[in-house]
Amino acid sequence: MRSAALTIVCLLLLGRGALAAEPSIAGDELLQSARLWESRQRGDLARLALEKLVTTRPDAPEALLELGELHLRMSDFAAADQVLRRMEDRFPKSTATQSLSIQYRLATRDRLQWLSIQRLADLGKGSEVRQELQRLFPDGAPEGSIAIEYYRLLSITPGGQDEALRGLRSLAAKHPRDPRYQNALANMHPVVAAKAAAKRSAARPRPAPRAVATTPSVSPEALADATDWEARSRAATAAQQLQLASLQLQAASSLRTGDFESLIGIADRLESLGFAHQAGELLTVGNRLAPESTWLLETRVRWLVAHDEANQALQLIDARSLDDKWTAAKRDELRATALAARARVAVAASNEDAAIGDLTEAIELQPTDPWTRHRLASLLARRGQKEQGREVMDAGAALAPTNPQMRFAQALYLETIDDARQAVAAIEAVPPESRDTDMNAVRDRAQLTVVRELIDSGDTAQARSLLSDVRARANPDDLGVQLNIAYREWQLGDERATAEITDRLAQLAPERADVAMLAARAKYAQRAFGAARDYFKHAETVGDAATVLSARQTREQIENRLHNWMSVGAEMRHKPGDDGISSFDARVISSLWHHAVDYERRVWMQADAVSIDAGRLSADFDDAADFGSIRAAGPNAARHYTNDRQDGVALGVGYVTDNFAADIGSTPLGFELHHMVGGVEWRPDLPEVSMSLGFSRRAVRSSVLSYGGMRDPISGVRWGGAVQTGPYADAGLYRERYSIAGALRFSEITGEHIPDNKFLGARAAGDWKFFSQPYANASLGLALNYWQYDHNLQNYTLGNGGYYSPQSYVSVTLPLEVWGEYRDWSYRVRGSVAHSQSKTDTISIYPTDPALRSAVSSAVFQGDSSSGSTSFSAYAAVERQLSATWIIGMKLDIDRADYYDPTVFSIYLRHTLAPWTTRIAVPPRPIQPYNDK
């Protein structure tokens, strides 16, 4: 089997470019580059060069043949099969297609049969070789480069030598510019080679082959060179480099017979086997011995160009005088090729000025070469000289307005400089019957770019019309164009059309992660969560690191919809203040149970054990005077009631869908005052904008007084326990890199023995994600807040509410946030600085009790107008994966402002119930006490 594989590879190397050496691509720089890279064992770079050659020469089946043969040499049979199918579709009757079909067959399904023929030839069983050849090639000799090996094998069969000679002569006549066919005789069975050499020799008939070495027509210099190559052959034989030795011996034979042009084929074989230096030496020898041979000169020049020795190639070109064969046209063509190659080297060395000079001169020599113009224009565009590049391509189009390749190159350039409309015009200048698939693909891509521009400008009607036209005519098998159409449908909000296209593309190209991701998003938008989950899961298996992370996170969000889970946590809250009055310490033990009915519906219930404490009230009258009715009662009044720690249990149940949420519950039962709370929220499906409309009744948790209520130490009256009730609305525009949001809320605040209050709040915010990597993201934001309360009830005397309630408050906040994940950890860190201005009105010390007001002579708390204050806040949360079903997390939240500096710390566990597993949330998702919702 190894021998068979080696035979196939050698065949391909021998015939490499045989068909591709036709005039359409023979001098192409990309072909030379591909051969150079392959000779340096860089098949990957050779493949890239040939793929580009196929793109730039879509009308040349020989370019596809080169690519297919390379895939076979690299044993990438799947890729070779794709190329073959493409050729059979576009060039079904081409010799190149037939040649690749045969080579593919010999490398795959007929590999063992081909091996047996090689073995029979090695054993000298000519009759059996002929029988097997007839069985393997029932239609006779194959076309293309594979025929060289066919005729070599045929020449060892009885009576096959003359037939082989006739076949090779026919091939040489069909391919006059390809030295492989004309040198095949020198690479065949020695008897056939001797016959061919005898027919080519101009000397008198020689009695024996050995007399060739003494032919008087061969110069002593050639004989000396032959002796050198014979010595090399012996050394290679001793080193067991038998293929190399054979080629070196053939070179010596050609030198001794004076058949110097046959050295071209031998040099090519040396090149293909990786002996590039010796190939160059052999061509140099041939050119030196036969300086009049245009063929040798041209071949040596092309070898020098392919090996980045363009300066030497130019010297050879300039040194040769013109004659009947070495015409000005041929000289200019080769010189332009060498200049273009030198320009490529200059670009690689960052010497763009020299490259521009060489390409400019090359265009002067070959003004209608579209691809040299394209390279120059692209280089100018890269330097920021897009208009100069446009002029280069426009000049070419003016010189060759009917050349489809010129228009194609022009369109490609215009596409790279984002002039999609002119790129479309360039392709449409080519008659439809002269356009190939690649030209139509460029036109479709450019028109899709126009569609995107129309969408971005807001002209969706024209964008839809143009997109419909492109979709109707686009090649359904052109993956790139079809995917582009799907993206534009997605931009236009047509999830159904996006899903239709991507469903089909996912079957055609299951290895494409971008197709799977877009299909998943389309299904997700259609709320087909099961299909979306499958696509995301598939993207995880074929995507890069960033895609895998994004797909996994979204898939987990979908799976979370079906998860049944529970979470428990402990939260500690501390806000410094006056002991027994405004100081606030809270402990909360939360337990949340979550049940998924299906992908759309979820129910939950929560119980929080809550403990709050304001501390012990000072016995000093001055320190305690601003609490309850102590100031009115005087310093000697007895305090019959105290406010100790309050313990209670808050309960809540809820129902959630993607568009609706409702809950009902209570403030902690067991507090001095408790209330029913809850809310409803509706989130309509709107294009572009996210919106929610709701109505809620929630506890005011600013202090012990506002949350749980307190007792007046003098009278024992319970007051406080505030709740705010009212509607709200939120709206936001959320994009990958930025978001803009706004909110409006109106509430009526009520409580026990405190005045009713009204609140109006508005917020506008935006953020910009300036850093985004698979495991880290960072955003910078800006937020504006406005509050307005009817009454100033921030104090703690009887009738006041104990919550901050300015008559006007404006703040500007700059938050910086970083979040992401690393291994089994997720994190979120936020810091912000804010500047605010506020105003509070003067209010009576006892706003609800005239008798108490009279007792203190209608004393008041003076209002305040802040000229501005600065505050800071910080937040940090982390989660850690403990097992497939357990997560642990922690949170720290700190605010530091004038007279308000709470600190909150919590720790929590989250457990997912069987059969599901879970992962850390990104960013972390701490459990939230029910009355914080």
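Residues numbered from 1 in each chain as written. Predicted model: local features only at pLDDT ≥ 70, side-chain atom pairs only at ≥ 80, totals over all residues. Heavy atoms only, no water.

- You'll find the protein entered in an unreviewed UniProt entry as Cellulose synthase subunit BcsC-related outer membrane protein, with Steroidobacter flavus given as the organism.

**A short note on the overall build of the protein**
Turning to step 1, where the next piece is worked out: Of the regular secondary structure elements, the protein holds 35 helices and 22 strands.
Turning to step 2, where the next piece is worked out: In terms of overall dimensions, the protein has C-alpha extents of about 145 × 55 × 50 Å along its principal axes.
Turning to step 3, where the next piece is worked out: Expressed as a percentage of the 933 residues in the protein, the buried residues total 49%.
Turning to step 4, where the next piece is worked out: Long-range pairs, those at least 24 residues apart, make up 60% of the contacts in the protein between residues at least 6 apart in sequence.
Turning to step 5, where the next piece is worked out: A total of about 42,500 Å² of accessible surface is found on the protein, and carbon and sulfur atoms cover 54% of it.
Turning to step 6, where the next piece is worked out: Averaging the locations of the 106 positively and 117 negatively charged side chains of the protein gives two centres separated by 6 Å. (Helix = DSSP H or I, 4+ residues; strand = E, 2+ residues; numbered from the N terminus. Buried < 20%, exposed > 50% of the residue type's maximum accessible area, 1.4 Å probe, protein only. Contact = heavy atoms within 4.5 Å. Areas by Shrake-Rupley, 256 points an atom, 1.4 Å probe, with all protein chains shown as cover. Lys, Arg positive; Asp, Glu negative; His and termini not counted. Charge placed at Lys NZ, Arg CZ, Asp CG, Glu CD.)

**What to know about the pattern of salt bridges**
Turning to step 1, where the next piece is worked out: Under the counting rule described, the total for this entry stands at 57 salt bridges.
Turning to step 2, where the next piece is worked out: Measuring nitrogen to oxygen at the nearest pair gives 3.1 Å for the salt bridge that ties Arg-390 to Glu-387. Note that Arg-390 and Glu-387 are positioned in helix H22 (residues 386–399) at a spacing of three residues, about one turn of the helix.
Turning to step 3, where the next piece is worked out: Among the residues examined, Glu-387 registers a relative accessible area of 44% and is labelled partly exposed.
Turning to step 4, where the next piece is worked out: Glu-821 is paired through a salt bridge with Arg-552; the nearest N and O atoms lie 2.7 Å apart. On the criterion of sequence distance, the pair formed by Glu-821 in strand S15 (residues 808–822) and Arg-552 in helix H31 (residues 545–560) is long-range, its members being 269 residues apart. For the pair formed by Glu-821 and Arg-552, the shared burial category is buried. (Salt bridge = Lys/Arg side-chain N within 4 Å of Asp/Glu carboxyl O.)

**Description of empty space enclosed by the protein**
Turning to step 1, where the next piece is worked out: Evaluation of the coordinates by the stated rule reveals two cavities of 30 Å³ or more.
Turning to step 2, where the next piece is worked out: Approximately 30 Å³ is the volume found for the second largest cavity.
Turning to step 3, where the next piece is worked out: Taken together, Gly-569, Ala-570, Glu-571, Val-588, Ser-590, Ser-906, Ile-927 and Pro-929 make up the lining of the second largest cavity.
Turning to step 4, where the next piece is worked out: Taken together, the elements giving at least two residues each to the lining of the second largest cavity come down to strand S1 (565–575) and strand S2 (584–596).
Turning to step 5, where the next piece is worked out: Its residues placed into classes, the lining of the second largest cavity shows four nonpolar, three polar and one charged. (1 Å grid on protein atoms, 1.4 Å probe; cavity = no way out; pocket = protein on both sides within 12 Å on 5 of 7 lines; lining within 4 Å. Points joined across faces, edges and corners; volume = space filled by probe spheres on them. Nonpolar A, V, L, I, M, F, W, Y, C, P; charged D, E, K, R; others polar.)

**Quick notes on the environment of Arg-256**
Turning to step 1, where the next piece is worked out: Looking at the element boundaries, Arg-256 is found in helix H14 (residues 242–257).
Turning to step 2, where the next piece is worked out: The buried category is assigned to Arg-256, whose relative accessible area is 15%.
Turning to step 3, where the next piece is worked out: There is a polar contact of 2.6 Å between the side chain of Arg-256 and the side chain of Glu-230. (Polar contact = N/O pair within 3.5 Å; in protein donor to acceptor, adjacent residues only side chain to side chain.)

**Digging into a negative patch on the surface**
Turning to step 1, where the next piece is worked out: Residues Asp-578, Asp-579, Asp-620, Asp-622 and Asp-623 make up a contiguous surface patch of negative charge.
Turning to step 2, where the next piece is worked out: For Asp-623, the location among the structural elements is in helix H32 (residues 621–624). (Patch = residues over 30% accessible without salt bridge, like charges linked within 9 Å, V, L, I, M, F, W, Y side chains within 5 Å.)

**Re the packing of aromatic side chains**
Turning to step 1, where the next piece is worked out: In this structure the tally under the stated criterion is 14 aromatic pairs.
Turning to step 2, where the next piece is worked out: Pairing Tyr-150 with Tyr-151 gives two aromatic rings, centres 5.3 Å apart and planes at 75°, and the pair type is edge-to-face. By the burial criterion, Tyr-150 is buried, and Tyr-151 matches it.
Turning to step 3, where the next piece is worked out: When the ring of Trp-371 is compared with that of Phe-408, the centres are 5.8 Å apart and the planes differ by 85°; the resulting orientation is edge-to-face. Pair noted here: Trp-371 is in helix H21 (residues 370–382) and Phe-408 is in helix H23 (residues 404–416), with a separation of 37 residues, a long-range link. Comparing Trp-371 with Phe-408 shows no difference in burial state: the two are buried.
Turning to step 4, where the next piece is worked out: Three or more aromatic residues joined by ring pairs make a cluster, and in this case those are Phe-137, Tyr-150 and Tyr-151. (Phe/Tyr/Trp six-rings, centres within 6.5 Å; stacked < 30°, edge-to-face > 60°.)

**Some points on helix H19 (residues 328–348)**
Think of an α-helix as 3.6 residues a turn; residues three or four steps apart then line up on the same face.
Turning to step 1, where the next piece is worked out: The terminal C-alpha atoms of H19 lie 30 Å apart, and with 21 residues this matches the ideal 30 Å at 1.5 Å per residue to within 8%.
Turning to step 2, where the next piece is worked out: For H19, the complete set of buried residues consists of Asp-332, Leu-334, Arg-335, Ala-336, Thr-337, Ala-338, Leu-339, Ala-340, Ala-341, Ala-343 and Ala-346.
Turning to step 3, where the next piece is worked out: Following H19 by one or two positions, Ser-350 adopts a phi angle in the positive range, close to 65°. (Expected span 1.5 Å × (residues − 1).)

**Thoughts on the packing of helix H4 (residues 61–73) against helix H5 (residues 77–90)**
Turning to step 1, where the next piece is worked out: One can describe the packing of H4 onto H5 by two numbers: an axis separation of 8 Å at closest approach and a directional angle of 160°. Overall, the two elements H4 and H5 adopt an arrangement that is roughly antiparallel. Judged by the twist between their axes, the crossing of H4 over H5 is left-handed. Packed against H4, whose contacting residues are Pro-61, Leu-64, Leu-65, Leu-67, Gly-68, His-71 and Leu-72, the element H5 presents Phe-77, Ala-79, Ala-80, Val-83, Arg-86 and Met-87 at the interface.
Turning to step 2, where the next piece is worked out: Grouping the constituent residues of the contact of H4 with H5 by class yields ten nonpolar, two polar and one charged. (Axes fitted to C-alpha atoms, helices over the stretch in contact; angles between N-to-C directions. Parallel < 35°, antiparallel > 145°, perpendicular 65-115°, else oblique. Left-handed = near helix turned anticlockwise from the far one by under 90°.)

**A closer look at helix H24 (residues 420–428)**
Turning to step 1, where the next piece is worked out: Along H24, the positions that sit buried rather than exposed are Ala-420, Ala-423, Val-424, Ala-426 and Ile-427. Along the axis of H24, the buried positions cluster into a sector of 160°, meaning they face one direction only.
Turning to step 2, where the next piece is worked out: Buried residues along H24 sit in contact with H23 and helix H25 (437–457). (Arc of directions from axis to C-beta.)

**Brief notes about the nonpolar core**
Turning to step 1, where the next piece is worked out: By size, the foremost hydrophobic cluster in this structure holds 65 residues, and its most contacted members are Leu-376, Phe-408, Ile-485 and Phe-536.
Turning to step 2, where the next piece is worked out: Beyond its immediate stretch of four places on either side in the chain, Phe-408 contacts Thr-55, Thr-56, Pro-58, Trp-371, Ile-427, Asp-438, Met-439 and Val-442.
Turning to step 3, where the next piece is worked out: Ile-266, Ala-279, Leu-297 and Ala-310 belong to the second-largest nonpolar core, a separate cluster that totals 41 residues. (Core = buried A, V, L, I, M, F, W, Y, C linked by side-chain atoms within 4.5 Å.)

**Examining the confidence of the model for the protein**
Turning to step 1, where the next piece is worked out: On average, residues of the protein score 86 in pLDDT, and 90% of them are at 70 or above.
Turning to step 2, where the next piece is worked out: Considering only residues more than four positions removed or in separate chains, one finds that residues 1–24, a stretch of pLDDT under 50, has 76 contacts.
Turning to step 3, where the next piece is worked out: Across residues 189–216, confidence stays below pLDDT 50; counting only partners more than four residues off in sequence or on other chains, it has 26 contacts. (pLDDT = per-residue confidence, 0-100.)

**Re the side chain of His-911**
Turning to step 1, where the next piece is worked out: Mapped onto the secondary structure, His-911 falls in strand S22 (residues 903–912).
Turning to step 2, where the next piece is worked out: A residue is classified by how much of its surface remains accessible, and His-911, at 17% relative accessible area, is buried.
Turning to step 3, where the next piece is worked out: In this structure the side chain of His-911 is engaged in a polar contact, spanning 3.2 Å, whose partner is the backbone oxygen of Thr-885.
Turning to step 4, where the next piece is worked out: Not counting residues within four places of it along the chain, the set of residues in contact with His-911 comprises Asn-564, Trp-565, Met-566, Thr-885 and Trp-886.

**What to know about the packing of helix H13 (residues 220–238) against helix H16 (residues 276–289)**
Turning to step 1, where the next piece is worked out: The N-to-C vectors of H13 and H16 enclose an angle of 165°; their axes lie 11 Å apart at closest approach. As the angle between them shows, H13 and H16 are arranged roughly antiparallel. For the element pair H13 and H16, the recorded crossing hand is left-handed. Mapping the contact onto sequence places Glu-221, Ala-222, Asp-225, Trp-229 and Arg-232 in H13 and Gln-278, Glu-281, Leu-282, Val-285, Arg-288 and Leu-289 in H16.

**Re the environment of Tyr-151**
Turning to step 1, where the next piece is worked out: Its place among the elements puts Tyr-151 in helix H9 (residues 146–154).
Turning to step 2, where the next piece is worked out: Exposure remark for Tyr-151: the relative accessible area of 10% places this residue in the buried category.
Turning to step 3, where the next piece is worked out: Each C-alpha atom of the pair Tyr-151 and Gly-569 lies 84 Å from the other, and the pair is 418 residues apart in sequence.

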